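# Close look at the chain arrangement
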Amino acid sequence: RGMWRSRRAVGEVLRAAARRSAGPRCLHRSEHLAAAAATTRAPRGLDIDARCPRPGRGSRRDSLASSRSFSADASASSRGACWSCGVATTASDLFFCGGCGGVLPALAEGDDANGSLLLFRVLGVDPPRFAVSNDELERAMKNLQKILHPDKFSTAPNVAREHSADQASLVNRAYATLRDPLRRAKYMLRAAGAGVAEESGMGDEQGAAADPALLMEVMETREAIERAGDDAGALGAMASANELAEHACVAAVGNAMDAGDLATARKETVRLTYLARIRDEIKRRLPPG
């Protein structure tokens, strides 16, 4: 009880639980309290790095820094009335209605007040940051799936089942995007207006060409792979060298993101795209086992 007294939403949570006990509109009574309580805080299971953005980095760097915290304005934006109880909901009601505990429609990127980095908010990574471990992301994903999985709403109205399926899909998409360093980097850069072209992976979304030196390196590496043919030893050596290069590149992307240096982050992300493709090409040519 001491924990709940410290939360401003205690009254709403208890009233929501009491209202839900009167009838099976969405969830069973034992789940209403947990569902309503879940809307008062981000999913647990992540160690949040409270690192502050660095000022004075230029317009694009400021763009990235200004997206690094959700809590400041998440509650200010309305997302309409709850389908179940009619109470007005806000962007802070990410999964469940704060009034009745009913499951809400999943937000789309453009619907959230902080929508450009919605997937970080879904998994409770606030402020958004490049350096986040897969173990932390997995714990957050599993915690959310325990309360959002459609099986939890098997006896609920159709609309609740549909919303739970959409919410669970959003959680899965957030996990798939953020657990992969390359996809995470591209997601963050696109949100800051410095996206890397998806088709070629070698330029940016504004049409700027990739570094000629990198293009030459790409060509030489592909020629080396062709010369190796089915030589498992040569391919294995190239795979090991490429793996080391990938790790170094991921570290460089993270350092640039932390510094708000979008130009360097984009350059290293383009290089990481190339290294990932080399890895896949070598893996395809190596014999099984």
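Residues numbered from 1 in each chain as written. Predicted model: local features only at pLDDT ≥ 70, side-chain atom pairs only at ≥ 80, totals over all residues. Heavy atoms only, no water.

## Some thoughts on the overall build of the protein
The test is simple: Secondary structure elements are defined from DSSP: runs of H or I of at least 4 residues count as helices, runs of E of at least 2 residues count as strands, and each element is numbered from the N terminus. The buried label goes to any residue with under 20% of its type's maximum accessible area, the exposed label to any with over 50%, and the partly exposed label to all in between, with areas taken from a 1.4 Å probe on protein chains only. A contact between two residues is defined here by any heavy atoms of the two lying within 4.5 Å. The Shrake-Rupley method, run with a 1.4 Å probe, gives the accessible areas here. Residue values count only the displayed protein chains as cover.
Counting secondary structure elements, the protein contains 11 helices and 2 strands. In sequence order, the secondary structure elements of the protein are arranged as α-α-α-α-β-β-α-α-α-α-α-α-α. Among the 289 residues that make up the protein, the fraction classed as buried is 41%. For the protein, contacts bridging at least 24 residues in sequence account for 66% of all contacts bridging at least 6. Surface accessibility of the protein: about 14,600 Å² in total, with carbon and sulfur atoms responsible for 53%.

## Focus on the packing of helix α6 (residues 134–148) against helix α7 (residues 158–179)
Here is the rule: An axis is simply a line fitted to the C-alpha atoms; with a helix, the fit covers only the stretch in contact. Between two such axes, the angle follows the N-to-C directions and lies from 0 to 180 degrees. To sort the angles, those under 35 degrees are grouped as roughly parallel, those over 145 as roughly antiparallel, those from 65 to 115 as roughly perpendicular, and the leftovers as oblique. Asp, Glu, Lys and Arg are counted as charged, while Ala, Val, Leu, Ile, Met, Phe, Trp, Tyr, Cys and Pro are counted as nonpolar; the rest, among them Gly, fall into the polar class.
At a closest axis distance of 10 Å, the pairing of α6 and α7 adopts a crossing angle of 175°. Taken as axis vectors, α6 and α7 run roughly antiparallel relative to one another. The segment α6 lies against α7, with N134, L137, E138, M141, L144, Q145 and L148 engaging S164, Q167, A168, V171, N172, Y175, L178 and R179. Residues belonging to the contact of α6 with α7 are distributed by class as follows: 8 nonpolar, 5 polar and 2 charged.

## A look at the packing of aromatic side chains
For clarity, the cut-off: Planes of paired rings set the category: under 30 degrees apart is stacked, over 60 is edge-to-face and the rest tilted, where pairs are Phe, Tyr or Trp rings (Trp by its six-membered ring) whose centres lie within 6.5 Å. Both a distance and an angle decide whether a charge sits over a ring: NZ of Lys or CZ of Arg must be within 6 Å of the ring centre and within 35 degrees of the ring normal.
Going through the model one piece at a time under the given rule, you end up with 1 aromatic pair. Here the guanidinium or amino end of R184 rests over the ring plane of F130, the centre of that ring lying 4.5 Å away.

## A closer look at unusual backbone geometry
Following D126, the chain continues into P127 via a peptide bond in cis, with omega recorded as 5°. As for its placement among the helices and strands, P127 is situated in the loop between α5 (118–122) and α6.

## Some points on the nonpolar core
The line we're drawing: To form a nonpolar core, buried Ala, Val, Leu, Ile, Met, Phe, Trp, Tyr and Cys residues must be joined to one another through side-chain atoms within 4.5 Å.
F95, V122, L123, V171 and M257 are the most contacted members of the largest nonpolar core, which has 53 residues in total. Elements represented by at least two residues in this core include exactly α5, α6, α7, α8 (181–191), α9 (212–228), α10 (232–259) and α11 (262–285). For this core, the element with the most residues is α11, which contributes 9 residues.

## Concerning the side chain of N242
On the secondary structure map, N242 appears in helix α10. Owing to a relative accessible area of 7%, N242 belongs among the buried residues under this scheme.

## Quick look at the pattern of salt bridges
For clarity, the cut-off: A carboxyl oxygen of Asp or Glu within 4 Å of a side-chain nitrogen of Lys or Arg is what we treat as a salt bridge.
The tally for this structure, following the rule as stated, stands at 7 salt bridges. Two residues, K142 and E138, come together in a salt bridge whose shortest N-O distance is 3.0 Å. Here E138 and K142 lie together in helix α6, a separation of 4 residues that amounts to about one turn. Its relative accessible area of 44% is what places K142 among the partly exposed residues. Taking the relative accessible area as the measure of exposure, E138 reaches 27% and is therefore partly exposed. Beyond isolated ion pairs, a larger network of salt bridges with shared partners links E226, E281, R284 and R285.

## Description of the side chain of T89
For the record, the criterion: Distance and chemistry together define a polar contact, namely a pair of N or O atoms within 3.5 Å, with one atom able to donate a hydrogen and the other to accept it when in protein, and with adjacent residues in sequence counting only for side-chain atoms on both sides.
Tracing the chain through its elements places T89 in strand β2 (residues 88–90). Among the residues examined, T89 registers a relative accessible area of 2% and is labelled buried. Within the structure, the side chain of T89 is placed 2.6 Å from the backbone oxygen of G80, a separation counted as a polar contact.

## Regarding the environment of A265
Within the secondary structure, A265 sits in helix α11. Measuring from C-alpha to C-alpha, the distance between A265 and G254 comes to 7.6 Å, with 11 residues separating the pair along the chain. Residues within four places of A265 in sequence aside, it is in contact with L189, V253, A256 and M257.

## Looking at the environment of D211
With respect to the element layout, D211 can be found in the loop between α8 and α9. Residue class for D211 comes out partly exposed when judged on its relative accessible area of 33%. Sequence-wise, D211 and K267 are 56 residues apart; in three dimensions their C-alpha atoms are separated by 8.1 Å.

## Focus: the confidence of the model for the protein
To keep it simple, the criterion reads: Values of pLDDT, the confidence the predictor places in each residue, fall between 0 and 100.
Within the protein, residue pLDDT values average 76, and 66% of them lie at 70 or more. This model gives residues 1–63 a pLDDT under 50, and the stretch forms 103 contacts once residues within four places in sequence are excluded. Scored below 50 in pLDDT, residues 69–76 shows 20 contacts in the model against residues more than four places distant or in partner chains.

## Side note on α7
One turn of the α-helix equals 3.6 residues, which is why residues spaced by three or four share an orientation. In plain terms, the rule: The length a helix should cover is 1.5 Å for every residue beyond the first.
The end-to-end C-alpha separation of α7 is 32 Å, in line with the 32 Å expected for 22 residues at 1.5 Å each. Every buried residue of α7 is listed here: A160, H163, S164, Q167, A168, L170, V171, A174, Y175, T177 and L178. Looking at the packing, one finds that the buried side of α7 touches α5, α6 and α8.

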